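These are the residues of each chain, in order.
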Amino acid sequence: MQAILDDITAKVTAMPDKGKVATYIPQLACVDPDQFGICVALPDGTVFSAGDAHTLFSIQSISKVFTTTMALGKLGDAIWKRVGREPSGDPFNSVVQLEMENGKPRNPFINAGAITVVDAIMMGHLPKETIAEILEFVRFIADDNTIAIDEKVAQSELLTGDRNASLAHFMASYGHFKNPVDYVLGAYFHHCSIAMTCEQLAKAALFLVSDGVNLSTGARVVSEQRARRINSLMMMCGHYDGSGEFAFRVGLPGKSGVGGGIMAVAPGKASISVWSPGLDRVGNSHLGTIALEMLTQRTGWSVFGH
Ligand code: GLN
């Protein structure tokens, strides 16, 4: 495995086209595009890493997998009254479908869906309490108490978050929100701004590899059925309007973020995280996707067959 990761890292870092770093969040525009990290975690917690796998980056929308997991724990299937589970086929920050579906977002992994999930898990608490709870959960599943929020990124999102604010207010206009919109947005921007390394992220995904249990710590995070369902959501909706392309090329449940990270799961085999800040046209890591494509080709880990 180490040899495979070293080889993939050498190949992708030599590629001239690294994609384009997200600029709509000014703090992300400052990130050096010339970075690449990859980590594979086996169910027992053994990790293999290459490149910049120990560098912190903004996990952005990858955090939506964690908040959705929390929402399932707190509300159970009632969460599906508030968000759907169909791929959107539209950009992650799109407004269009919301009007046609009376303010109900298509899935929890687009911005509107993730903002709704935050409203659902907030349950009358203050934003700082909800943020602390989310961070605590991420630390628990990754078995790492050092994981923290990058406050500069959070402030940067807050200052430039007009699109997300418009999504939230639009949904609130249907009377769906139970908490003040600015509370919900504050907690949303903060969970998107959690900073993690590839290694921390691969470990955080281990519960999705082994039917809801992180076998390296023995902690059951979710039921078997929920783990399976979260994986299915990642497969269908984890890369926004690039989800079909990701399934076609990589063949694994995965979730991307505009910070350039991707967290992927090969059920029963391993969790994988890659990071490279340059994005493709729809906002998914350009080199990260290529690297995962190479990895599944070499390991035969695609869920669709060898
Ligand atoms: N925080 C980002 C936003 O709300 C997350 C988007 C993403 O990673 N695709 O726009």
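Residues numbered from 1 in each chain as written. Predicted model: local features only at pLDDT ≥ 70, side-chain atom pairs only at ≥ 80, totals over all residues.

Novice: How should helix α12 (residues 224-237) be read in this particular structure?
Specialist: Think of an α-helix as turning once every 3.6 residues; residues three or four places apart then point the same way. With 14 residues, α12 extends 20 Å between its outermost C-alpha atoms, agreeing within 8% with the 20 Å of an ideal straight helix rising 1.5 Å per residue. Inspection of α12 places R226, A227, I230, N231, L233, M234, M235 and C237 among the buried residues, and these make up the whole buried set. The elements touched by buried residues of α12 are α3 (63-75), α11 (206-209), α13 (243-249), β8 (254-256) and β9 (261-266). (Helix = DSSP H or I, 4+ residues; strand = E, 2+ residues; numbered from the N terminus. Expected span 1.5 Å × (residues − 1). Buried ≥ 20, exposed ≤ 12 C-beta atoms within 10 Å, placed from the backbone. Contact = placed C-beta atoms within 7 Å.)

Novice: Explain the domain arrangement of the protein chain to me, please; I cannot follow it from the model alone.
Specialist: Put simply, an interface is often sized by how much accessible area is lost when its parts join up. Partitioning the protein chain into domains gives domain 1 (2-58 + 197-299) and domain 2 (61-194). Taking the mean C-alpha position of each, domain 1 and domain 2 sit 21 Å from one another. Taken residue by residue, the interface counts 33 residues in domain 1 and 32 residues in domain 2. When residues of the side of domain 1 that touches domain 2 are traced back to their parent elements, those giving at least two are α2 (26-29), α10 (198-204), α12, β8 and β9. By residue number, the principal contributor to the side of domain 1 that touches domain 2 is α12, which donates six residues. Among the residues forming the side of domain 1 that touches domain 2, the class breakdown is 18 nonpolar, 11 polar and four charged. (Domains from an automatic or database assignment. Nonpolar A, V, L, I, M, F, W, Y, C, P; charged D, E, K, R; others polar.)

Novice: Please explain the sheet that holds strand β4 (residues 148-149) as it appears in this structure.
Specialist: Two orientations exist for strands paired in a sheet by backbone hydrogen bonds: parallel and antiparallel. Within the open sheet, the three strands sit side by side as β3-β5-β4. Their pairing is antiparallel. Of all the strands in the sheet, just β3 (57-58) and β4 have a single pairing partner and so form its edges. Relative to strand β5 (residues 194-196), β3 runs antiparallel, the two sharing two bridges. When the sheet's bridge partners are listed, F57 is paired in β5 with M196. (Pairing = 2+ DSSP bridges.)

Novice: Quick question: what am I supposed to make of the UniProt feature "binding site: substrate" (unreviewed entry) in the protein chain here?
Specialist: Summarizing the sequence annotation, UniProt attributes the feature "binding site: substrate" (unreviewed entry) to S61, N111, E157, N164, Y188, Y240 and V258 in the numbering used throughout. Mapped onto the secondary structure, N111 falls in helix α5 (residues 111-122). According to the C-beta neighbour criterion, N111 is buried, with 23 such atoms within 10 Å. Positionally, Y188 belongs in helix α9 (residues 181-192). Overall, Y188 belongs to the buried group, with 32 C-beta atoms counted inside 10 Å. If sequence neighbours within four positions are ignored, Y188 has contacts with A114, I115, V118 and N164. (UniProt positions renumbered as here; feature names shortened; annotations may be inferred.)

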